[in-house]
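# Descriptive analysis of the structure
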Amino acid sequence: MIWNRTMECMSREDMRSYQSEKLHSMVERVYHNVPFYRDRMQQMHLSPEDIRSVDDLQKLPFTVKTDLRDNYPFGLFAVPQSQIIRLHASSGTTGKPTVVGYSRADIAVWAEVIARSLTAAGIGQNDVLQVAYGYGLFTGGLGVHYGAEKTGASVIPISSGNTRRQLQLMEDFGTTAIACTPSYALYLAESLQEFKIKRENIKLKVGIFGAEPWTENMRKAIEEKWGIIAIDIYGLSEIIGPGVGCECIHRCGMHIMEDHFIPEIIDPQTLEVLPPGSRGELVFTTVTKEGMPLIRYRTRDLTRIIDEPCACGRTTVRIEKCCGRSDDMLIIRGVNVFPSQIESVLLEMKETKPHYQLIVEREHNLDLVTLMVEVDEQFFSDEIKMLEALTAKIAHNVQSTLGISVKVKLAEPKSIERSEGKAKRVIDKRNIG
Ligand code: DLL
């Protein structure tokens, strides 16, 4: 089944002219409504008239995450606040989150791209879909929710966490499809035994997994353990949330919703656009978004565009599974974490030094983080109670700022290895890149 045959199976030529037309009108809109973009374009002596087709895209400047922070919270919005009906946020590189705003039409586009994604995964009105992505500022839960309702599936908005209840409702409500992170899908499978729930009493047949990188081996493990089809779904808050791209049941790359988001692949060092098929950093331009359109947004995700035809009949280009990032962002239990955020938490505390190391491991398919922190000489003590209180305080501050729990280990002053070059802040033992 194909949700929107007109858009998903358009000829390449028609898609190009459709994108070109939308691109021009988007550039015109942001030029007149967003001072940030107008200034940038004026500096480059560009006017909206210079952007007539997709070929002109390369004339435009890139946008990066720090541009969002510098314009925090609403500086990049292209419509008045009265037209914004939803706000979401994800992690920024330091203190401030990255904020995104949606108009009513944007929410409709989002539901549309999710409906396309779910349909591509074989999910429809006869399915019971358990949405186990977090609901809230994170785009996973609510994003999938609206599109899922559009398809007519029976939606269970259970949100993330509470494994026992997840499995119980799967059994009781006859869940046939689940949306969650791939690591949680594996964790759920392994928890069946613990909660004495039998696989044969669960009707699950498909899962729609994303929000973090996962390998083909992990897909195999999920498909075998659950006996289901595991579909990869991609997205990022800045562009819209989940649904920027999604695999079909052939599972050979994620179809990009190209009538809304134009992809490019660049070399992250030289910023040159790379020839078709090359691996590099994925960049998106949103051509239909009203609330916060983005021009050439650098996702930092590394992948490749596949433009060979797909057996499903969709003509949209696909991206290969994302195989890493061109920055140091980590995804821990689905939460985006920048090491610089840890640093700013430590800098705010007088007892600690910003010398630290993060060790990330995966145990029973759950991410575990140990944070080694150097204590300031003045505060270092032999008194166990004091050290325990400090450990708890650091863990609490990290949890409340970053939203992840870490196991804190205190280190003596000057004991964490200093590096002459770039400090090795993160030791990721998960093997997922
Ligand atoms: O994670 C949106 C999402 C929700 C996607 C649910 C899929 C499912 P952010 O929190 O802004 O948004 O994080 C975006 O997560 O730049 C990638 O690095 C990573 N990511 C998302 N999906 C995938 C995937 C959501 N399928 C960042 N494979 C992105 C690999 C992914 N990485």
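Quick look at the structure, then. This structure is a prediction, so every number in the text was calculated from the model and none was measured.

All right, on to the packing of helix 7 (residues 163-173) against helix 8 (residues 182-194) then. Two numbers describe how helix 7 lies on helix 8: the axes approach to 10 Å, and their chain directions differ by 80 degrees. Considering the angle they form, helix 7 stands roughly perpendicular to helix 8. On the side of helix 7, the interface is formed by Thr163, Gln166 and Leu167, while helix 8 contributes Tyr184, Tyr187, Leu188, Ser191 and Leu192. Its residues assigned to classes, the contact of helix 7 with helix 8 comprises 5 nonpolar, 3 polar and no charged.

Here we come to the state of the cysteines. Scanning the model with the defined rule gives 0 disulfides in all. With no disulfide of its own, Cys248 lies closest to Cys310 among cysteine sulfurs, the gap being 3.7 Å. Between Cys323, a free cysteine, and Cys322, which holds the nearest cysteine sulfur, the sulfur-to-sulfur gap is 7.5 Å. Under the relative-accessibility criterion, Cys323 is labelled partly exposed at 35%.

This part is about helix 11 (residues 384-402). In a regular helix each residue adds 1.5 Å, so 19 residues correspond to 27 Å; helix 11 covers 27 Å between its end C-alpha atoms and thus fits that length. Regarding helix 11, the residues found buried are Leu387, Leu390, Ile394, Val398 and Leu402. Angularly, the buried residues of helix 11 cover 65 degrees about the axis, an arc narrow enough to put them on a single face. The outward face of helix 11, more than 90 degrees from its buried face, is lined by the exposed residues Lys385, Glu388, His396 and Ser400. Check the buried side of helix 11 and you find it contacts strand 15 (335-337), helix 10 (339-347), strand 16 (352-363), strand 17 (366-375) and strand 18 (407-411).

Let's shift gears to the side chain of Ser237. With respect to the secondary-structure elements, Ser237 resides in the loop between strand 7 (229-236) and strand 8 (241-247). Aside from chain neighbours lying at most four places away, what touches Ser237 is Ser90, Val100, Tyr102 and Thr139.

A word on the pattern of salt bridges. In total, this model carries 28 salt bridges according to the counting rule given. Of the charged contacts in the structure, one is a salt bridge between Arg16 and Asp55, with a shortest N-O distance of 2.5 Å. Here Asp55 lies in the loop between helix 3 (35-43) and helix 4 (65-70) and Arg16 lies in helix 2 (residues 12-33), a separation of 39 residues in the sequence. The exposure class of Arg16 is partly exposed, given its relative accessible area of 40%. Across the salt bridge formed by Lys225 and Glu190, the nearest N and O atoms sit 3.3 Å from each other. On the criterion of sequence distance, the pair formed by Lys225 in helix 9 (residues 216-226) and Glu190 in helix 8 is long-range, its members being 35 residues apart. For Lys225, a relative accessible area of 44% gives the class partly exposed. One connected set of salt bridges, linked through shared partners, spans Arg362, Asp367, Asp428 and Arg430.

The next point concerns the site of the ligand. Taken together, 23 residues surround the ligand, and among them Asp232, Ile233, Ser237, Asp301 and Asn336 come closest. In the environment of the ligand, a nitrogen atom lies 3.1 Å from a nitrogen or oxygen atom belonging to the backbone of Ala211. One nitrogen or oxygen atom from the side chain of Asn336 is found 3.0 Å from an oxygen atom belonging to the ligand. With the chains in place, 97% of the 600 Å² that the ligand exposes on its own is no longer accessible. Only helix 6 (139-151) and strand 7 provide two or more residues apiece to the shell around the ligand. Here the shell around the ligand takes 5 residues from strand 7, the largest share from any one element. Residue composition of the shell around the ligand, grouped by class: 11 nonpolar, 7 polar and 5 charged.

So, how was this worked out
Each chain has its residues counted from 1, running along the sequence as written. With the structure being a predicted model, the display of local features is reserved for residues of pLDDT at least 70 and the display and counting of side-chain atom pairs for 80 or more, all residues being used for whole-chain, interface and lining totals. Excluding hydrogens and water, the side-chain figures rest on all heavy atoms present in the structure. As a rule, the C-alpha atoms of each element are fitted with a line to give its axis, helices using only the stretch in contact, and angles between N-to-C directions run from 0 to 180 degrees. Secondary structure elements follow DSSP: runs of H or I no shorter than four residues count as helices, runs of E no shorter than two count as strands, and numbering proceeds from the N terminus. Angle categories are assigned with fixed cut-offs, so that under 35 degrees is roughly parallel, over 145 is roughly antiparallel, 65 to 115 is roughly perpendicular, and the rest are oblique. Throughout, a contact is declared for two residues whenever any of their heavy atoms are within 4.5 Å. Each residue is assigned to one of three groups, with Ala, Val, Leu, Ile, Met, Phe, Trp, Tyr, Cys and Pro labelled nonpolar, Asp, Glu, Lys and Arg labelled charged, and all others, Gly among them, labelled polar. Two cysteine sulfurs form what is called a disulfide whenever their separation falls within 2.5 Å. The cut-offs for exposure are 20% and 50% of the maximum accessible area for each residue type, with area from a 1.4 Å probe on protein chains only; residues under the lower value are buried, those over the upper are exposed, and the others partly exposed. Given the number of residues in a helix, its expected span is that number minus one, multiplied by 1.5 Å. By arc we mean the arc of the directions from the helix axis to the C-beta atoms, nothing more. Whenever Lys or Arg places a side-chain nitrogen within 4 Å of a carboxyl oxygen from Asp or Glu, that contact is recorded as a salt bridge. Neighbouring residues are identified by heavy atoms, a residue being near a molecule or strand if any of them is within 4 Å of it. Polar contact criterion, stated in full: a pair of N or O atoms within 3.5 Å, where within protein one must be able to donate a hydrogen and the other to accept it, and residues adjacent in sequence count only if both atoms are side-chain atoms. Values of accessible area rely on a 1.4 Å probe in the Shrake-Rupley scheme; residue burial ignores everything except the protein chains shown.

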